[in-house]
Each structure stands twice: as C-alpha cells, then as structure tokens.
Protein chains: 2
Amino acid sequence: MIGVALDLFAQRSPDEVSIDEIAAAAGISRPLVYHYFPGKLSLYEAALKRASEDLASRFTEPHEGPLGSRLLRVMNRFFDFVDAHGPGFSALMRGGPAVGSSTTNALVDSVRQIAYEQILSHLGVTDPPPRLELVVRSWISLAESTALIWLDGRRIPREELERQLVHDFAALTAVSAAYDDELRTLLRPVLGGEPADGPFADLATRLIALAS
Amino acid sequence: MIGVALDLFAQRSPDEVSIDEIAAAAGISRPLVYHYFPGKLSLYEAALKRASEDLASRFTEPHEGPLGSRLLRVMNRFFDFVDAHGPGFSALMRGGPAVGSSTTNALVDSVRQIAYEQILSHLGVTDPPPRLELVVRSWISLAESTALIWLDGRRIPREELERQLVHDFAALTAVSAAYDDELRTLLRPVLGGEPADGPFADLATRLIALAS
C-alpha cells in the first residue's frame, strides 16, 4: 500500500490524491487504510519516508576516478529521481499541505544531511571549516532549486543541467577558495587530481576563453 | 499592533509567540486582538505581509554605476534585513507552523519574483531565455540558503558573504554563458561595462591565479 501511495503522491500533488483513490489502487478497503494510517498525512509521511531513503541512496558513489565524473553520475541519478517523482517533489519542496509537519521537514533535512556527508567524504574532509560547510550546503540547495525550476516546464534538457550543476560546484568552491587560504589548501589536492579532459578542466578552458 | 507582532515574530520563532504576549506588548486586550485577527495565523500573515514589503523594497537599486557594485549594495541591504529578522526569517524559510499556508507561500514567492524582475531590469533584459531565468532564479535561492546558513551560528562575517554572493552571481552566469551562445551574447555588453577595480574583475584575477 505504501508503494501504491508513493506512486500516486509522486505523479500528482498530494493535495489531489484521496484516501479512497489509494484504497482503490491498492485493492483494499477504505477502513483498512484507516486501520493502518489514521489520516492522509500519516500515509503521506510513510510514503515520503520510503522516497527519502530512495533519494538518499542515490548519493552513494564509489570513491574511484575523478571527482567531476563522480559528481556527474550522482547528478544523473538525482535527476532520475526528480524526473520520476516530479509533482510530488515539487509539492514537497515548494510547500504543500503536509509541509511544516515536523516529520516531513525532518525527512527532507535528513536527505540533505546525507548528501552533505557524502560530498565531504569525496572531498576527503572530516572536520569541515565553516566556509566549506557553507559552500557545500548552499550548493545542495542550488541543486534542489535547479531541479524545481527544471520541473516547471522542462524547457532545458536535463543532461545539460546535470553537467551545469557539476560546473556550478566547481565554480562556487573556486569563488570561496579564491578568497580563503584554508579552503584553497584543503581543495588543492582534490582538484589537482582532475584530468585534463574532465568536466572541471573543460569549464576552466571555456571560462578563460570567455574572459578574454 | 502589526508592528509589535512583527517585532516579536522577528525576534523569536512564531511558534513561541503567544497572542497574550502580543496583546501585552501592544498594550491592548486579548479580545481586541481577536476582534481584528481571528487567530495567530492571521496576525502572523499580516505581520509577514509588512515584512515582505520591507524586504522587497530593498531590491530597488538605481541603474547607475557598475553592476557588481549595485548587486553588492543590494546584498548589504538584504543581510541588514536578515540580521534584523533572524529567527522569523529562519522559521519562515525552514518551515514553521504557518508555512504551507497558501498566503505565506504566496508572500515569499512574490518577494522572489520582485528580486528576479529587479535583476533582469539591471541586466537590461525584458524577455529572458530559459537559461537566464534559471540562473537568476537559482542564484536567488542560493542567496536565501546562504543567509539561512549564516544565521545558524553566524560563524562567517556577513560582509564576506555579501561579497561572496556577488561573486557567486558572476560565477554562475559565467558557467551558463560558457556553454550557451545566446547567454554569452546577452551578457557580454553588461559585463563589458565592469571596471578593472570592481568585484567581478577582482574575482577573475583571483580565479586565474588559482587555476595556475
């Protein structure tokens, strides 16, 4: 039943999905739904918990190969998720009826925290200084808002945005490192391992051409 | 009374402010508060409406001088607002009890829209292509999340973050322009007017040093 509910909540805004409809789709009676879930919010939260675990799992990436390529694979899986759960993802992030519930907020925050910790582990950092924490966490929110804007009309190919977010990560960390010695020292070994034909080097070449 | 409520909602999470407290601070009776506002949500929404107008007004900036300096002045006024309304701003953006109300969501969206339109007007663009819309709107969300992270402990001087967000704007638009001819053509005249001692040129110099 949670699977059926998740599917319905993913396809349309949770506002528009009724308990009757979930019961019918799951082939069970309405009283039985209420037996397990006293209201739509609790069923929504159960579905959301499963979706959160699914999304969080997509940030797991082997520590192998260049950082830019790892991040690109993660962005690809992130957009797979956003693509499959479009209306549900928008309703959750933009504020639907269940937003503001402490359970849904905690689930969203836990996914953000997992994404944050995964990125730190790929950067090889265990005790991030405040400026690194800021740039990683704010980039995660940039990825969320980019996905939301993409969902609103899908006017840009998603592959382009997956690559763009990898470049945005490089650009935002470079901006911070340009003004902070600690960050520069921390990130130099990571970015020094990027190949000359990788996404980071391609961006650098293009930016230099743009500036001239 | 709205002014008193706004002050209380700004200083502490709206959760923690009672109608009794607002009535006492405004020097009026509890029944009189209820006469004008049937519940805390409606009073909160009225206070939020005033705060939204205040915030929106801070994005107005004369079309004079280099773009980087204009944006820096706007970021300075934005952080003045965030600084003065810290707990209220966090509660609103992170999801408090009143978030999810269609009124509060519409107010937040209207401020975002005003910020978006102001930036477009400074770029001299009236009909933005999707990639420009994306980069401007996603940078606005980056500014929001940067402010929220700053509020959580204030571990980085706010002046640094005001300047960083100006640089982030330059970096994110440069990333998009590096892969899109239309955006490059659109932004070249704007960025061509930046002075050699302005924030954009300083960033470019530092990034080139960082890359070498």
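Thresholds applied
Residues numbered from 1 in each chain as written. Chains lettered and ligands numbered in written order. Predicted model: local features only at pLDDT ≥ 70, side-chain atom pairs only at ≥ 80, totals over all residues. Heavy atoms only, no water. Least-squares fit on C-alpha atoms with pLDDT ≥ 70 in both. Contact = heavy atoms within 4.5 Å. Buried < 20%, exposed > 50% of the residue type's maximum accessible area, 1.4 Å probe, protein only. Helix = DSSP H or I, 4+ residues; strand = E, 2+ residues; numbered from the N terminus. Arc of directions from axis to C-beta. Salt bridge = Lys/Arg side-chain N within 4 Å of Asp/Glu carboxyl O. Polar contact = N/O pair within 3.5 Å; in protein donor to acceptor, adjacent residues only side chain to side chain. Expected span 1.5 Å × (residues − 1). UniProt positions renumbered as here; feature names shortened; annotations may be inferred. Phe/Tyr/Trp six-rings, centres within 6.5 Å; stacked < 30°, edge-to-face > 60°. Buried area = accessible area lost by both parts, 1.4 Å probe. Nonpolar A, V, L, I, M, F, W, Y, C, P; charged D, E, K, R; others polar.

Digging into the relation of the copies chain A and chain B
When chain A is fitted to chain B, the best match, at an RMSD of 0.0 Å, comes from turning it 180° and sliding it 0.0 Å along the axis. Here the copies are linked by what is in effect a two-fold axis. Both copies contact each other with a shared surface, as 100% of the interface residues of chain A are interface residues in chain B too.

Focus: helix 2 (residues 19–26) of chain B
Residues and elements named next belong to chain B. Residues of helix 2 that are buried include every one of Ile19, Ile22 and Ala23, and no others. All buried residues of helix 2 fall inside an arc of 100° around its axis, so they share one side. Along its buried surface, helix 2 packs onto helix 1 (2–11), helix 3 (30–36) and helix 4 (40–57). The first or second residue beyond helix 2 is glycine 27, which carries a positive phi of 70°.

Side note on the pattern of salt bridges
Residues and elements named next belong to chain A. Per the counting criterion, the structure on display carries 34 salt bridges over all chains. Among the ionic pairs, arginine 158 bridges to glutamate 162, the shortest N-O distance being 2.8 Å. In this pair, arginine 158 and glutamate 162 both sit in helix 9 (residues 158–178), 4 residues apart, roughly one turn of the helix. On the basis of relative accessibility, which here comes to 11%, the residue arginine 158 falls in the buried class. Here the salt bridges do not stand alone but share partners, grouping Asp80, Asp83, Arg154, Arg158 and Glu162 into one network.

Comments concerning the side chain of Glu162(B)
Residue and element names in this part refer to chain B. Residue classification places glutamate 162 among the buried positions, given a relative accessible area of 4%. Within polar-contact distance, the side chain of glutamate 162 engages the side chain of arginine 158 at 2.8 Å. When neighbours within four sequence positions are excluded, glutamate 162 is seen to be in contact with Leu72, Met75, Asn76 and Phe79.

Quick word on helix 10 (residues 181–192) of chain A
Residue and element names in this part refer to chain A. End to end, helix 10 covers 16 Å across 12 residues, agreeing with the expected 16 Å (1.5 Å per residue, within 8%). Where helix 10 is concerned, the buried positions are Leu183, Leu187 and Val190. Along the axis of helix 10, the buried residues cluster in a sector spanning 40°; they form a single face. When the buried face of helix 10 is taken as reference, the exposed residues oriented beyond 90 degrees from it are Asp181, Thr185, Arg188, Pro189 and Gly192. Contacts made by the buried residues of helix 10 are with helix 5 (67–84), helix 7 (102–123), helix 8 (130–151) and helix 9.

What to know about the UniProt feature "DNA-binding region" (unreviewed entry) in chain A
Mapped onto this numbering, the UniProt entry annotates "DNA-binding region" (unreviewed entry) at residues 18–37 of chain A. With 75% helix and 0% strand, residues 18–37 of chain A has its two end C-alpha atoms placed 13 Å apart.

A few points about the packing of aromatic side chains
Both the distance between ring centres and the angle between the ring planes are used here to describe each pair of aromatic rings. Residue and element names in this part refer to chain A. One pass over the full model with this rule turns up 12 aromatic pairs over all chains. Look at phenylalanine 78 and phenylalanine 89: their rings are 6.3 Å apart centre to centre, the planes differ by 75°, and that puts the pair in the edge-to-face class. Within this pair, whereas phenylalanine 78 is found in helix 5, its partner phenylalanine 89 is found in helix 6 (residues 86–94), the two being separated by 11 residues in sequence. Members of the aromatic cluster, connected to one another through ring pairs, are Phe59, Phe78, Phe79, Phe89 and Trp150.

Observations regarding the UniProt feature "domain: HTH tetR-type" (unreviewed entry) in chain A
UniProt records the feature "domain: HTH tetR-type" (unreviewed entry) for residues 1–55 of chain A in the present numbering. The straight-line gap between the two end C-alpha atoms of residues 1–55 of chain A is 19 Å; of that span, 75% is helix and 0% is strand.

Side note on the interface of chain A and chain B
Contacts between the two partners involve 42 residues from chain A and, on the opposite side, 42 residues from chain B. Regarding the contact of chain A and chain B, the summed buried area is about 3,800 Å², with carbon and sulfur atoms giving 65% of it. If you look at where chain A meets chain B, you find 4 salt bridges. Salt-bridge contacts for Glu133(B) lead to Arg155(A); the nearest nitrogen and oxygen are separated by 3.3 Å. Among the elements of the structure, helix 8, helix 9 and helix 11 (199–211) of chain A are those that each provide at least two residues to the side of chain A that touches chain B. Per-element accounting of the side of chain A that touches chain B gives the leading share, 13 residues, to helix 9 of chain A. Across the side of chain A that touches chain B, the residue classes break down as 20 nonpolar, 11 polar and 11 charged.

Details of the environment of Leu6(B)
Residues and elements named next belong to chain B. By secondary structure assignment, the location of leucine 6 is in helix 1. Between the alpha carbons of leucine 6 and glutamine 164 there is a distance of 30 Å; along the sequence they are 158 residues apart. With sequence-adjacent residues up to four places away left out, leucine 6 is seen in contact with Ala47, Arg50 and Ala51.

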